[in-house]
Amino acid sequence: MLNTKTVVAGLVVAMFSVAAGAAEVVVAQNSKSFKKDGAKIEKLSIKAGDSISFKNEDPFFHNIFSLSDLKTFDLGSYPAGESKSVKFDKPGVAEIECAIHPDMLLEVTVK
Amino acid sequence: MKMGPFAVKKLTTQIAVAVMGASMAFGVIAAGTLKPSEEDITKYLRPAAVPQPADNMMTPERIELGKFLFFDPRLSGSNFISCATCHNPSMGWSDGQPTAIGHGMGQLARSSPTILNTAYQSLMMWDGRFRSLEEQALGPIEDGGEMAQPMHELIPEIKAIPKYVQMFEAAYPGEGVSKEGIGKAIASFERSIVATDSGFDRWLKGVDTAMSDPAKRGFEIFKGKANCVACHSGFNFSDNGFHNIGLPDSKDDGRYRVKKVAVLKGAFKTPTLRDVALTAPYMHNGQYSTLADVVAHYNRGGDKNPGHLSPNMKPLNLSKAEQQDLVEFLKALTGDPLALTFPQLPVN
Ligand SMILES: [Cu+2]
């Protein structure tokens, strides 16, 4: 059984790891492009352990996926306003695409 | 016979004038209020130029060579089928067949799309398996079902025709007659086949009478209630994307063949809607023979199929009149006939 101490300890560890730099980077899908802080990006560099939150800002659906060796995932389709997050544990390069809009490409380098 | 169309045209003008007079007299201005917005103009006005790859910029010599090759049936194993057999300029660069008829009269699984405005597409074919027009052009020549002509036989055949040797030299100096040259020349010709001004374009440019009232209302429905623009966006009316719109075709997985992502089962490329009134029957499998059938399909939100229906597909609850307006709008996307001279192919 979990006691309060372990929960607190867990929380402290979780907070510490956030503080140590496991960040969540928000990447928007906007006007059929990947955007970070409002600007279109085709490449993104993150650290191992970081997550990317894919946020749909378009009035239609996107379907973000990757078939890269580093990380294979398929977030499925979701509407405007919703986000889904992917964690990248290992260093390497992942090619991220939108299944619906093949011109949307993002190369993520995990260091 | 020669008087026929002329007389009809004159009559139409008279009716138009009469109707205009009547509507002015009665103060009917409903349609006059449907003017293109600034946003419409920036979104839908056709660009002046087509994108070209740096290693195959368009020149008159390249376009001319490509045109000859496009119309030359000797590019096929039977010497009987040219690109223009299935992409016939007199039929909106398609063939009027539900699905294409190829080598030995064999029926192919998919319909022949138009080549109009392919210059603006990033991926070719219903499933997007080719990345450029250059790459695509070589596909049908060697494909056993389409033109069934092995390249190692075609190159010497072309080399034996002096006029072609000259044309290749003029188009791609020093490169001889090559497979790459064939692909590049045909691609250059295809890039020159772009949509011409339609009633819709003239209306965008300020000619209020260039589009009928039903077509103007149809445009509002296209952007609004029916949300066709979720996929048919921009001046080419395509997002260059892939969607499953609920066509009951269990044999063809579409884009899923190229990318194994669940959403792509039964997804096909959004086609341009320019000149769409000229290219019936419709869809990758040619299952609809009229635009009214297509609109009825969307109105019921598509049909069941084995894949995942796009979440952008749902019943639209359009009235009969609204559906007709939408069809009128689609017809208003037909451009003026292309001024095209047909090549006189060298005999030998
Ligand atoms: Cu997308």
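Residues numbered from 1 in each chain as written. Chains lettered and ligands numbered in written order. Predicted model: local features only at pLDDT ≥ 70, side-chain atom pairs only at ≥ 80, totals over all residues. Heavy atoms only, no water.

Our next topic: the interface of chain B and chain A. How big an interface is tends to be reported as the loss of accessible area on association of its parts. Chain B puts 18 residues into the contact, and the matching count from chain A is 14 residues. Taken together, the two surfaces of chain B and chain A that pack against each other cover about 1200 Å², and 59% of this comes from carbon and sulfur. Among the residues of chain B in contact with chain A, V261(B), V263(B) and P311(B) are the three that bury the most area, contributing 33% of the side total. At the junction of chain B with chain A, the criterion picks out three residue pairs in polar contact (both at pLDDT 80 or more). Tallied by class, residues from the side of chain B that touches chain A come to eight nonpolar, six polar and four charged. (Contact = heavy atoms within 4.5 Å. Buried area = accessible area lost by both parts, 1.4 Å probe. Polar contact = N/O pair within 3.5 Å; in protein donor to acceptor, adjacent residues only side chain to side chain. Nonpolar A, V, L, I, M, F, W, Y, C, P; charged D, E, K, R; others polar.)

So, about the domain arrangement of chain B. Residue and element names in this part refer to chain B. Taken as a whole, chain B is organised into domain 1 (54-191) and domain 2 (197-331). The gap between the C-alpha centroids of domain 1 and domain 2 is 28 Å. Across the boundary between the two partners, domain 1 contributes 23 residues, which contact 23 residues of domain 2. The largest contributions to the domain 1 side of the interface with domain 2 come from R110, W126 and D127, which together make up 32% of the buried area. At the boundary of domain 1 with domain 2, the tally comes to nine residue pairs in polar contact (both at pLDDT 80 or more). Here the residues of the side of domain 1 that touches domain 2 sort into nine nonpolar, 11 polar and three charged. (Domains from an automatic or database assignment.)

Glancing now at the coordination of the copper ion. Residue and element names in this part refer to chain A. Here the copper ion is held by the protein donor atoms H62 (ND1), C98 (SG) and H101 (ND1), which lie 2.0 to 2.2 Å from it. All donor residues of the copper ion come from one chain, and their arrangement in sequence is H-x35-C-x2-H. On the criterion of sequence distance, the pair formed by H62 in strand β6 (residues 62-67) and C98 in strand β9 (residues 92-98) is long-range, its members being 36 residues apart. Take H62 and C98: they sit in the same class, and that class is buried. (Donors = N, O, S within 2.8 Å, 3.2 Å for Na, K, Ca; no water. Helix = DSSP H or I, 4+ residues; strand = E, 2+ residues; numbered from the N terminus. Buried < 20%, exposed > 50% of the residue type's maximum accessible area, 1.4 Å probe, protein only.)

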